[in-house]
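This is what each chain is made of:
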Amino acid sequence: MTAMKMDIAHVAKLAKLQFDEQEAQKFEGQMQSIIDMVENLPPLSDSGALIDPENPMIMREDKVTDHCKRDELLKNAPQVQAGCVVVPKVVE
Amino acid sequence: MELYQKTAAELSKMLRNKECSAVEVTKSVFDRIRQKEDTVGAYVTLTEDKALEKAGEVDQKLAAGEELSPLAGIPVGVKDNICTQGILTSCASKMLYNFVPPYNATAYDKLLKQDMVITGKCNMDEFAMGSSTETSYFKKTANPHDPSRVPGGSSGGSAAAVSAGEAIVALGSDTGGSIRQPAGFCGIVGLKPTYGSVSRYGLVAFASSLDQIGPMGKSVADTAMLYTAICGRDPMDATSAAREYPDFYQNLNSNVKGLTIGIPKEYFGEGIEPEVKQMVMDAVKLLEQNGATVKEISLPSTGYALNAYYIIASAEASSNLARYDGVKYGYRTSEYTSLEDMYLKTRSEGFGDEVKRRIMLGTFVLSSGYYDAYYKRAKLLQKQIAAEFAAAFEGCDVIATPTTPYSAFKLGENIDDPLKMYAGDICTVTVNIAGLPAMSLPCGMDSKGMPVGMQLIGPKFSEQTLFDAAFGYESLVGGFTTSAVEK
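Description of the structure in this document. (Residues numbered from 1 in each chain as written. Chains lettered and ligands numbered in written order. Predicted model: local features only at pLDDT ≥ 70, side-chain atom pairs only at ≥ 80, totals over all residues. Heavy atoms only, no water.)

### As for the overall build of chain B
Within chain B, the secondary structure is distributed over 15 helices and 11 strands. The globule rule puts the C-alpha radius of gyration for 487 residues at 23 Å, and the 21 Å found for chain B is close to it. Residues counted as buried form 67% of the 487 residues belonging to chain B. Long-range contacts, defined here as pairs at least 24 residues apart, represent 75% of the contacts in chain B between residues at least 6 apart. Carbon and sulfur atoms make up 49% of the accessible area of chain B, which totals about 15,400 Å². (Helix = DSSP H or I, 4+ residues; strand = E, 2+ residues; numbered from the N terminus. Rg over C-alpha atoms; globule rule 2.2 N^0.38 Å. Buried < 20%, exposed > 50% of the residue type's maximum accessible area, 1.4 Å probe, protein only. Contact = heavy atoms within 4.5 Å. Areas by Shrake-Rupley, 256 points an atom, 1.4 Å probe, with all protein chains shown as cover.)

### Concerning the overall build of chain A
Secondary structure assignment for chain A yields 3 helices and 2 strands. Across chain A, helices and strands are ordered from the amino to the carboxyl terminus as α-α-α-β-β. The globule rule puts the C-alpha radius of gyration for 92 residues at 12 Å, and the 23 Å found for chain A is more than 25% above it. Dimensions along the principal axes, computed over C-alpha positions, put chain A at roughly 55 × 50 × 25 Å. A buried classification covers 27% of the 92 residues belonging to chain A. Accessible surface computed for chain A: about 7,000 Å², of which carbon and sulfur atoms make up 53%. In chain A, 10 positive and 16 negative side-chain charges are present, and the distance between their average locations comes to 10 Å. (Lys, Arg positive; Asp, Glu negative; His and termini not counted. Charge placed at Lys NZ, Arg CZ, Asp CG, Glu CD.)

### Examining the nonpolar core
All names here are of chain B. Formed by 167 residues in total, the largest nonpolar core has its most connected members in Phe127, Phe389 and Met454. For this core, the leading source of residues is helix H9 (residues 302-320), giving 10 residues. Aside from chain neighbours lying at most four places away, what touches Met454 is Val280, Ala283, Val284, Ala400, Thr401, Thr403, Met439, Ser440, Leu441, Cys443 and Tyr473. Counting residues in hydrophobic clusters, the runner-up holds 8 residues, among them Val162, Ala170, Ile188 and Met216. (Core = buried A, V, L, I, M, F, W, Y, C linked by side-chain atoms within 4.5 Å.)

### Looking at the side chain of Gln464(B)
All names here are of chain B. As for its position among the elements, Gln464 is in helix H15 (residues 463-476). Within polar-contact distance, the side chain of Gln464 engages the backbone oxygen of Phe248 at 3.3 Å. Beyond its immediate chain neighbours, meaning those up to four positions away, Gln464 contacts Pro246, Asp247, Phe248, Asn251 and Leu252. (Polar contact = N/O pair within 3.5 Å; in protein donor to acceptor, adjacent residues only side chain to side chain.)

### Quick word on the interface of chain A and chain B
With 53 residues of chain A at the interface, the matching set in chain B holds 64 residues. Between chain A and chain B, a total of about 5,200 Å² is buried, with carbon and sulfur atoms accounting for 67% of that surface. Of all residues in chain A, the largest losses of buried area upon contact with chain B belong to Lys16(A), Leu41(A) and Asn76(A), amounting jointly to 13% of the total for that side. Remark: the boundary between chain A and chain B carries 2 salt bridges. Applying the counting criterion to the chain A and chain B interface returns 15 residue pairs in polar contact (both at pLDDT 80 or more). Residue contributions to the side of chain A that touches chain B peak at 10 residues, all from helix H2 (residues 21-38) of chain A. (Buried area = accessible area lost by both parts, 1.4 Å probe. Salt bridge = Lys/Arg side-chain N within 4 Å of Asp/Glu carboxyl O.)

### Section: the sheet that holds strand S1 (residues 43-46) of chain B
All names here are of chain B. Strand order across the open sheet formed by 11 strands is S1-S3-S2-S4-S6-S5-S10-S11-S9-S7-S8, with mixed pairing between neighbours. Since the sheet does not close on itself, it has two edges, and those belong to S1 and strand S8 (293-297), each with one partner. Within the sheet, the average angular offset between the axes of one strand and its neighbour, ignoring direction, is 30 degrees. Here strand S4 (residues 169-174) runs beside strand S6 (residues 212-217); their pairing, made up of 6 bridges, is antiparallel. Bridged to Ala170 within S6 is Met216. (Pairing = 2+ DSSP bridges. Axes fitted to C-alpha atoms, helices over the stretch in contact; angles between N-to-C directions.)

### Looking at helix H5 (residues 156-164) of chain B
Where burial is concerned, most of H5(B) is hidden: 9 out of the 9 residues are buried. One or two positions beyond H5(B), positive phi appears at Gly165(B), with a value near 85 degrees.

### Comments concerning the packing of aromatic side chains
Residue and element names in this part refer to chain B. Taken as a whole and judged by the stated rule, the model has 23 aromatic pairs over all chains. On the basis of an interplanar angle of 35 degrees and a centroid distance of 6.4 Å, the ring pair of Tyr370 and Tyr374 is categorised as tilted. The exposure class of Tyr370 is partly exposed, given its relative accessible area of 23%. The cationic tip of Arg243 hangs over the ring face of Phe461; the distance from NZ or CZ to the ring centre is 3.9 Å. (Phe/Tyr/Trp six-rings, centres within 6.5 Å; stacked < 30°, edge-to-face > 60°. Lys NZ or Arg CZ within 6 Å of the ring centre and 35° of its normal.)

Encoded structure:
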């Protein structure tokens, strides 16, 4: 496989990150060397999903329980007003 | 000998024989913290008042003749990515600099139920991404054996605390070696349990299919005691296995006769320092001289494991860390013009460089056009690696390898070269990829005066076999003397 190139600006947009020019340059070099490392994988045929039949996932019952209080949860919010989290205007 | 130098098993006996009180043990550990913390820097947060209060309660219960857990009154450090109600849980990130969880992680809750004494929250690489604890937003942690060297990572604070006597035991978490590598670098014992045996509820997610909380201690017995306390099915974690677990500590058996040890040649090749190879093979030889059988095995896909690991772990991280948007908790940027602007600035200011690299890599390998080439192939390789281990375990009980290619490196030595840092994880990542349990145990000091770790890997849910083999080795060498409690 030929070396793939990462479009830093595009991926940063998807990841909701921004870099100034100097940072972008540093990241471009580093990310490219990381991609060059990880892309060396052997060809393998698709042989089904990786599951462990002896230890399957167990979902709990979808039931309402008294877990955390609203006030306690909101204590960590950066900005709260009238029991709600404040965010910038989202609808024009 | 000071109380902080003793093991949990020794202190447990002393508490019951009234040779010391839990308050005395806690005070001894905090005196040691005051003596060493300026140099070592193992903790992000210390909880001395709560610890002394809890120790006082334990003393009262003991005086009243209550039957308590063997871990009651034992001081334990907790890695800062494990949620502790009412105590800052920062993940060593600016992003969570003020996050005080409204609930407890299940593993931590279990420590409280055992009446353990919490010393504080241990430093780590930011969001557990790193191998040296240098990516922490708050501080660097030093190796207690040599402050110019790293303690390893990402559970570097937990390992340094136990090694230095700033905690008797500690909880870490391991996604690609983050318990075993720092345990190896600091000269202590660390177990990465079988995936699904310890609840991940309340462990801040990095790579959910690989993460596992595990115990760290100065001895195999201490590690077995702590593991017995934290393992078990938890309905709050869908990946937690429905099994019953024995008391691994009570069951410890040091007899290694009949144990078959596999030696995978791929783990003793180029890149592993000759001195490290020699010390691990000497340890294996000692087990062989005492009745174990040694055979060479092969795990052919090992050379690709690091690549698959960084693809899978970063892909999961990019998804898990999407939740940090400055809305409901954690850091929010101070000035913004729109919601989008708030997201961008919050995330760009709140995350450090290594976390950004992983998010970028993960986003890239999952993005349209690249998924098949990277993520899907990595997942196929994961299956192949798991199958190779399963085949190897048909002919041996445990596999022995070095924990790391070299002993602890200097602070700053690898931090600007991500590839060099990643390469150090070569011996540990395969275990997470295959969901297996593995331990690191000390096998002596190298010519630099730093501890070297041997890794023992077992089949899924074979923790007792690992503990027994490790306990056998520990007994043969007359106990481990590689921690820094005497420094």
